[in-house]
Structure formats: structure tokens, C-alpha cells
Amino acid sequence: MDVLQRMGPRTAPATAVPPLELCALATTENAASLRRRFRCWVAEITDLDTADDLALAVYEALANVVDHAYADRGTPGLMTLWSAVSCPLLTGRDLVVTVVDEGAWRPSTSPGWRGRGLPLMRELMHSTAVLPGEQGTTVQLRRRVPVPSRDRAAALV
């Protein structure tokens with residue numbers, strides 16, 4: 001008998017939050033729209049100040065796609081935002097956000113007024129990884145986020 005069958009039906013706990021997956025052309029308007037949709041999603045799982053910080057970090061990753069990933073092509077390509085969060089734990093929830101493009105990675109060439117996106121993401125998140133490749137670039141952001149007081153009782157069950 002299969003182990004999962006012995007465990008009974010697989011249902012998500014009442015505290016589970018469905019992952020968020022959004023895809024759009026890499027334009028400034030779409031990056032702002034994805035940021036707003038992410039901000040609404042993440043506001044359901046953490047406090048408002050943390051949600052603002054997370055939305056800023058995610059927007060920086062999206063803005064990098066808009067500004068850099070498809071610059072050599074002259075036309076915008078796709079950007080995908082995927083985010084998932086664990087069920088409440090006693091110390092918060094584990095959040096993972098991934099931003100993916102199909103363009104080319106371009107490291108910063110000058111320390112001018114640009115080049116602050118990655119340091120800002122690193123400051124706002126517990127872990128930031130940039131994985132450039134031949135098929136595009138993946139940015140993965142991770143952070144333990146506090147559980148709002150309304151959800152703390154569920155975390156103790």
C-alpha cells in the first residue's frame with residue numbers, strides 16, 4: 001500500500017495560503033501591476049510594514065528585468081513572479097519569491113546612481129540569490145515573515 005494512501009486524504013491545512021504566480025511582458029506598467037498584486041497577496045500573511053518591505057524588494061527584482069533583461073532585444077520579453085509561503089510556524093512563515101526572465105544577465109558596469117537594487121533586496125530579505133543562465137536569469141528571495149496576531153492562535157494548534 002502506498003504511504004500516502006495510508007496517511008489518508010491529502011488536504012491543505014486551513015492555514016495554507018495558495019501560491020501566487022503571475023506572468024507579464026516586462027514593462028514598467030506591468031512591473032508596477034505585479035508589485036501591487038504581490039502586495040495584496042502578502043498583506044494577507046504578515047503585518048503591513050513587512051508587506052511593504054517585501055513588495056519593495058520584489059519590485060526591485062521586477063524593475064531589473066524591465067531595465068536590463070531584454071535591453072539587447074529592443075522589445076520586452078516575459079517576466080514571471082512566483083511566491084509561496086509555509087503554514088504558520090511559531091516563529092513566523094517561510095516566504096520564497098522567485099522572479100524569472102528569459103533575457104540576458106548584465107552586471108552593473110558603473111557605480112553611478114544605478115546599481116542599488118540588489119543591495120536593497122539583500123537588506124530587505126534574509127537571503128537573495130541571483131542565478132544567471134543561458135535561458136535567462138532567476139532571482140530568488142527568502143525571508144521569515146512574522147505571523148499577524150490574528151493568525152498566531154492557528155500557529156499554536
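Structure first, text after, so check above.
The following paragraphs examine the structure supplied in this document. All values reported here derive from a predicted model rather than from experimental measurement. (Residues numbered from 1 in each chain as written. Predicted model: local features only at pLDDT ≥ 70, side-chain atom pairs only at ≥ 80, totals over all residues. Heavy atoms only, no water.)

**Quick look at helix 3 (residues 48-69)**
- Taking 1.5 Å per residue, 22 residues should reach 32 Å; helix 3 reaches 31 Å between its end C-alpha atoms and fits that length.
- Buried residues along helix 3 sit against helix 2 (28-43), strand 2 (78-85), strand 3 (93-101), helix 4 (117-124) and strand 5 (136-145). (Helix = DSSP H or I, 4+ residues; strand = E, 2+ residues; numbered from the N terminus. Expected span 1.5 Å × (residues − 1). Contact = heavy atoms within 4.5 Å.)

**A look at the nonpolar core**
- F38, W41, V42, L81, L95 and L141 are the most contacted members of the largest nonpolar core, which has 34 residues in total.
- At the level of elements, strand 1 (20-25), helix 2, helix 3, strand 2, strand 3, helix 4 and strand 5 are the ones that each hand at least two residues to this core.
- Top element by residues in this core is helix 3. It accounts for nine residues.
- The contacts of L81, once residues within four sequence positions are left out, are L20, E21, L22, L34, F38, V58, V97, T98 and V99. (Core = buried A, V, L, I, M, F, W, Y, C linked by side-chain atoms within 4.5 Å. Buried < 20%, exposed > 50% of the residue type's maximum accessible area, 1.4 Å probe, protein only.)

**Remarks on the packing of helix 2 against helix 3**
- Packing of helix 2 against helix 3 leaves a shortest axis separation of 9 Å and a crossing angle of 155°. Between helix 2 and helix 3, the interaxial angle falls into the category roughly antiparallel. By crossing handedness, the relation of helix 2 to helix 3 is classed as right-handed. Here T28, A31, A32, L34, R35, F38, R39, V42 and A43 of helix 2 lie close against helix 3, whose contacting residues are L48, A51, D52, L54, A55, V58, Y59, L62 and V66.
- Among the residues making up the contact of helix 2 with helix 3, the classes are represented as 14 nonpolar, one polar and three charged. (Axes fitted to C-alpha atoms, helices over the stretch in contact; angles between N-to-C directions. Parallel < 35°, antiparallel > 145°, perpendicular 65-115°, else oblique. Left-handed = near helix turned anticlockwise from the far one by under 90°. Nonpolar A, V, L, I, M, F, W, Y, C, P; charged D, E, K, R; others polar.)

**As for the pattern of salt bridges**
- Tallied over the entire structure, the rule returns two salt bridges.
- Of the charged contacts in the structure, one is a salt bridge between D52 and R39, with a shortest N-O distance of 2.8 Å. Remark: R39 occurs in helix 2 and D52 occurs in helix 3; sequence separation between them is 13 residues.
- Under the relative-accessibility criterion, R39 is labelled buried at 19%.
- Note that R144 and D94 form a salt bridge whose closest N and O atoms lie 2.5 Å from each other. Taken together, the positions of R144 in strand 5 and D94 in strand 3 put the pair 50 residues apart, joining distant regions of the chain.
- Exposure remark for D94: the relative accessible area of 33% places this residue in the partly exposed category. (Salt bridge = Lys/Arg side-chain N within 4 Å of Asp/Glu carboxyl O.)

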